[in-house]
Amino acid sequence: MITLRPHQQRGLDAMLKYLRGQLIMPTGAGKTPTMFVDCARQFESETPQTVVVCAPRILLAEQLSSEFLEYITDPMVRVLHVHSGETHHQSTTNPDVIYDWAVQTYKRHRIIFTTYNSLNRIQESGIDVDTIYFDEAHNSVKRNFYPATEYFAANAKRCYFFTATPKHSIAFGKPGMNHPEVYGQVICQVPAPELVDAGYILPPKVVVKQLPMVKDRQVIFQRDADNLIETIDDQSIKKVLICARTTKQIVGLVSESDFCAQLQQRGYSWMMITSKTGAIIDGQKVDREKFFDTLNAWGKDSSKRFVVIHHSILSEGINVSGLEAVLFMRNMDYIGISQTIGRVIRLGDESKKFGLVCVPVYDRVGISTARSVQAVVDTIFEKGEPAVSVVRR
């Protein structure tokens, strides 16, 4: 049995009290254990229960499946994945197959892992859902995801929305998590300073690195490379996440500058991943499974130095061990910044006292990014409030 932390127990108690609502918990708070302990509690019922776990990405759905099934070990529980990714579990996106599976397993507790993109397939199957957990629930307000969200909010017996970064709307006709008729009320909210004080996460430390302003656009990739290397050298960091502006910038860094060569001279390995190029480790293309296995192994190795470059794939939900610092090359909305900072404030070895958040400033993008990053950190870690993104039009 797992022992929940006090804030996780508050979330669990709130779900016992309310059939629907929002649980606002900072990145690193441990939302997943709150979900799977609640799920296990539902499976104590003599009446077979159907539970759905919804994630924004296939990769995260598979990660949640692994974490849930490490805790829920009853071999009689039936598992289905509803998404287009590869999994060793039974999987489908066909509503008729989902319905047939539900009929065949009607005497058993069931758990379905899906994505927002495929949630409508479960809706189309017409099966009854007892409990649904929306992970990274700010994604549910997107236009193509919202109809299925609205459906299950109305038709599932229990419905819970988990996020560190709520998305609200003040625009007519556009959904937001501030609409209680779908999302219910906030039934549990955990302030980040509480988790820092308790030693469950680390505080971020923002460093704005002022560099000469870029003038010659013809050497932009080499200038990016030089500025990144100077920032890494100055901060003496071993495990670094770089948030690039575009896939073009990532490709330019590794192919049109000496960035990789400079890293290797300093004893760093490098990794990159984008939806266009796929996953690459030290110049060799690999599948995603090997990429993430390697990333986590390197993260746990205290002696390993590495840099991982991405645009958005690693920003949300994905657990990565050991990252010490994030370097922002681009601006994001409050959700993106908050989620990205969350990658580096998880606990590490004893020498890690904070999550380093670096912003190299050498153009207008860097100036605006530095302001946005500081605003998010002030909101979450000084005021103790979630970083709420607002749709205004």
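Up top is the structure these notes are about.
Structure report, in brief. In this text, all values refer to a predicted model and were calculated from it rather than measured experimentally.

**As for the overall build of the protein chain**
Next up, step 1: When helices and strands are counted, the protein chain shows 14 helices and 17 strands.
Next up, step 2: Compactness check: the protein chain gives a C-alpha radius of gyration of 22 Å against a globular reference of 21 Å for 393 residues, within 12% of the reference.
Next up, step 3: Seen through its principal axes, the protein chain has C-alpha atoms that stretch 65 × 45 × 45 Å.
Next up, step 4: The buried share among the 393 residues of the protein chain stands at 56%.
Next up, step 5: Within the protein chain, counting contacts between residues at least 6 apart in sequence, those at least 24 apart form 75% of the total.
Next up, step 6: Counting only carbon and sulfur atoms, one obtains 47% of the accessible surface of the protein chain, whose full area is about 17,600 Å².

**Focus: the nonpolar core**
Next up, step 1: Judged by nonpolar contacts, the single largest core of 68 residues is most densely connected at Phe 68, Ile 111, Tyr 133 and Phe 291.
Next up, step 2: Other than its neighbours up to four places away in sequence, Ile 111 contacts Cys 39, Phe 43, Val 51, Val 53, Phe 68, Val 77, Arg 78, Val 79, Leu 80 and Trp 101.

**With respect to the environment of Pro 180**
Next up, step 1: Note that Pro 180 resides in helix H7 (residues 180-183).
Next up, step 2: In the structure, Pro 180 is positioned 209 residues away from Ser 389 in sequence and 17 Å away in space, judged by C-alpha atoms.
Next up, step 3: For Pro 180, the residues in contact, after removing those within four places along its chain, are Arg 20 and Gln 185.

**Things to note about the sheet that holds strand E5 (residues 131-134)**
As a general point, the strands of a sheet are linked pairwise by backbone hydrogen bonds and lie either parallel or antiparallel.
Next up, step 1: One open sheet holds the 7 strands; their spatial order is E3-E4-E2-E5-E6-E1-E8, and the pairing between them is parallel. Since the sheet does not close on itself, it has two edges, and those belong to strand E3 (78-82) and strand E8 (186-189), each with one partner. Neighbour to neighbour, the strand axes of the sheet diverge by 15° on average, direction disregarded.
Next up, step 2: Strands in contact with helix H3 (residues 58-71) are strand E2 (50-55), E3, strand E4 (110-115) and E5; relative to E4, the strand with the most contacts, it is inclined by about 155°.

**What to know about a negative patch on the surface**
Next up, step 1: On the surface, a cluster of negative charge is made up of Glu 86, Asp 287, Glu 289 and Asp 293.
Next up, step 2: Tracing the backbone shows Glu 289 in helix H12 (residues 288-300).

**Quick notes on the packing of aromatic side chains**
Next up, step 1: Per the stated rule, a full pass over the model turns up 13 aromatic pairs.
Next up, step 2: Relative to Tyr 133, the ring of Phe 68 lies with its centre 6.3 Å away and its plane at 45°, an arrangement referred to as tilted. Taken together, the residues span a long stretch of sequence, with Phe 68 in helix H3 and Tyr 133 in strand E5 at a distance of 65 residues. For the pair Phe 68 and Tyr 133, one class covers both residues: buried.
Next up, step 3: Seen in terms of ring centroids, Tyr 151 and Phe 152 are 5.0 Å apart; in terms of plane orientation they differ by 85°. Their pairing is edge-to-face.
Next up, step 4: Taken together through their ring pairs, the aromatic side chains of Phe 36, Phe 68, Tyr 71, Phe 113, Tyr 133, Tyr 160 and Phe 162 make up a single cluster.
Next up, step 5: For Lys 304, the ring lying beneath its charged end belongs to Trp 298, and the centroid distance is 4.4 Å.

**Points about helix H4 (residues 95-104)**
Next up, step 1: Those residues of H4 that sit buried are Pro 95, Ile 98, Trp 101 and Ala 102. Projection of H4 onto a plane perpendicular to its axis shows the buried side chains occupying an angular sector of 120°, all on one side. Facing away from the buried surface of H4 by more than 90 degrees, the exposed residues are Asp 96 and Gln 104.
Next up, step 2: Buried residues in H4 make contact with E3, E4 and helix H5 (119-125).
Next up, step 3: A side-chain oxygen of the first residue of H4 lies 2.8 Å from the backbone nitrogen of Asp 96; this N-cap is Asn 94.

**Quick notes on the sheet that holds strand E16 (residues 355-361)**
Next up, step 1: Here 8 strands make up an open sheet; going across it, the order is E9-E16-E15-E10-E14-E11-E12-E13 and the pairing mixed. On the outer flanks of this sheet lie strand E9 (204-210) and strand E13 (284-286), each paired with one strand and no other. Averaged over neighbouring strand pairs, the angle between their axes works out to 20° when direction is ignored.
Next up, step 2: As defined by bridge partners, strand E11 (residues 269-274) adjoins strand E12 (residues 278-281) across 4 bridges and the pair is classed as antiparallel. Each bridged residue has a counterpart across the sheet, and for Met 272 the counterpart in E12 is Ile 280.
Next up, step 3: Docked against the sheet, helix H14 (residues 364-382) engages E9, strand E15 (325-328) and E16, running at close to 155° with respect to E16.

Rules used in this analysis
- Residues numbered from 1 in each chain as written.
- Predicted model: local features only at pLDDT ≥ 70, side-chain atom pairs only at ≥ 80, totals over all residues.
- Heavy atoms only, no water.
- Helix = DSSP H or I, 4+ residues; strand = E, 2+ residues; numbered from the N terminus.
- Rg over C-alpha atoms; globule rule 2.2 N^0.38 Å.
- Buried < 20%, exposed > 50% of the residue type's maximum accessible area, 1.4 Å probe, protein only.
- Contact = heavy atoms within 4.5 Å.
- Areas by Shrake-Rupley, 256 points an atom, 1.4 Å probe, with all protein chains shown as cover.
- Core = buried A, V, L, I, M, F, W, Y, C linked by side-chain atoms within 4.5 Å.
- Pairing = 2+ DSSP bridges.
- Axes fitted to C-alpha atoms, helices over the stretch in contact; angles between N-to-C directions.
- Patch = residues over 30% accessible without salt bridge, like charges linked within 9 Å, V, L, I, M, F, W, Y side chains within 5 Å.
- Salt bridge = Lys/Arg side-chain N within 4 Å of Asp/Glu carboxyl O.
- Lys, Arg positive; Asp, Glu negative; His and termini not counted.
- Charge placed at Lys NZ, Arg CZ, Asp CG, Glu CD.
- Phe/Tyr/Trp six-rings, centres within 6.5 Å; stacked < 30°, edge-to-face > 60°.
- Lys NZ or Arg CZ within 6 Å of the ring centre and 35° of its normal.
- Arc of directions from axis to C-beta.
- Polar contact = N/O pair within 3.5 Å; in protein donor to acceptor, adjacent residues only side chain to side chain.

It is worth stressing that arrangement in space is one thing and function is another; only the former is reported here.
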